[in-house]
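Commentary on secondary and tertiary structure
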Amino acid sequence: NAGVTQTPKFQVLKTGQSMTLQCAQDMNHEYMSWYRQDPGMGLRLIHYSVGAGITDQGEVPNGYNVSRSTTEDFPLRLLSAAPSQTSVYFCASRFSGRDEQYFGPGTRLTVT
Amino acid sequence: KQEVTQIPAALSVPEGENLVLNCSFTDSAIYNLQWFRQDPGKGLTSLLLIQSSQREQTSGRLNASLDKSSGRSTLYIAASQPGDSATYLCAAVDDYKLSFGAGTTVTVRA
């Protein structure tokens, strides 16, 4: 079991560029989500999915898109990167709303 | 909107002392509460999950309590060790999201 994996580990973008952060899990979890972590603010939910083909917005969705075509994968797309999107991004998964949440190792993104 | 607060923001103790970390939340309609550990530059490692119907959960030297009516959870770490130095995060869980506190950074001095 690899658990929750994320690529890349580090990324530097210029303002206006687009990119996709990859997330995969091999635990057959239905729920997957993306969080961003900023100093002093805790983790905030960007988007989440409760199953293949179903996605919804979290509390900070602007500037990000997601899709969920398979149970295993949940990529996060930055449409036009802005310096305000400099952050550490974590992908997470769990079986259902009442189960333990597992996190990936994170992607550290810098937008210049 | 769920608000989660962790006090203190930082804590430094000598090795062997017991640690008490506090977490408070504003909305008691939660599914469960989860405690995590985060080492610098790393991801989150789950420590304990307390279901809303439970009052406490134990794992080794760790014990977490939950009082939904007062909106509080406490993480106890017995006989602290330098390896316990990390940031500890609590998260109040509803059906689709976790609401996190900003964390308590713990330093255990040898």
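Look up: the structure comes first, before these words.
Given the structure is predicted, the values throughout are model-derived calculations rather than measurements.

Further remarks concern the overall build of chain B. Each helix and strand counted, chain B has zero helices and eleven strands in total. Sequence-ordered secondary structure for chain B, helices as α and strands as β, is β-β-β-β-β-β-β-β-β-β-β. Computed over the C-alpha atoms, the radius of gyration of chain B is 13 Å, within 12% of the 13 Å expected from 2.2 N^0.38 for a compact globule of 110 residues. Dimensions of chain B along its principal axes, counting C-alpha atoms only, are 40 × 25 × 20 Å. Expressed as a percentage of the 110 residues in chain B, the buried residues total 45%. Of the contacts formed within chain B by residues at least 6 apart in sequence, a portion of 52% connects residues at least 24 apart. Total accessible area on chain B stands at roughly 5,100 Å², and carbon and sulfur atoms take up 47% of it.

Turning next to the packing of aromatic side chains. Under the criterion given, the structure shown has seven aromatic pairs over all chains. Measuring from ring centre to ring centre gives 5.3 Å for A:F103 and B:F36, while their planes differ by 90 degrees; the resulting arrangement is edge-to-face. Separated into two different chains, A:F103 in strand β10 (residues 102–103) and B:F36 in strand β4 (residues 32–38) make up a pair that spans both. Overall, the relative accessible area of 10% leaves A:F103 in the buried class. Under the relative-accessibility criterion, B:F36 is labelled buried at 0%. Ring plane angle 40 degrees and centroid distance 5.7 Å describe the contact between B:F36 and B:F100, whose orientation is recorded as tilted. With B:F36 in strand β4 and B:F100 in strand β10 (residues 98–100), this residue pair connects regions lying 64 residues apart in the sequence.

On to the nonpolar core, then. Of all hydrophobic cores here, the largest spans 22 residues; its most connected members are B:F25, B:L33, B:W35, B:L75 and B:Y88. Mapped onto this core, the elements with two or more residues apiece are β3 (19–25), β4, β5 (44–51), β7 (62–67), β8 (72–77), β9 (86–93) and β11 (104–109) of chain B. Grouped together as the second largest cluster of nonpolar side chains are 19 residues, A:L13, A:C23, A:W34 and A:F74 included.

What counts and how
- Residues numbered from 1 in each chain as written.
- Chains lettered and ligands numbered in written order.
- Predicted model: local features only at pLDDT ≥ 70, side-chain atom pairs only at ≥ 80, totals over all residues.
- Heavy atoms only, no water.
- Helix = DSSP H or I, 4+ residues; strand = E, 2+ residues; numbered from the N terminus.
- Rg over C-alpha atoms; globule rule 2.2 N^0.38 Å.
- Buried < 20%, exposed > 50% of the residue type's maximum accessible area, 1.4 Å probe, protein only.
- Contact = heavy atoms within 4.5 Å.
- Areas by Shrake-Rupley, 256 points an atom, 1.4 Å probe, with all protein chains shown as cover.
- Phe/Tyr/Trp six-rings, centres within 6.5 Å; stacked < 30°, edge-to-face > 60°.
- Core = buried A, V, L, I, M, F, W, Y, C linked by side-chain atoms within 4.5 Å.

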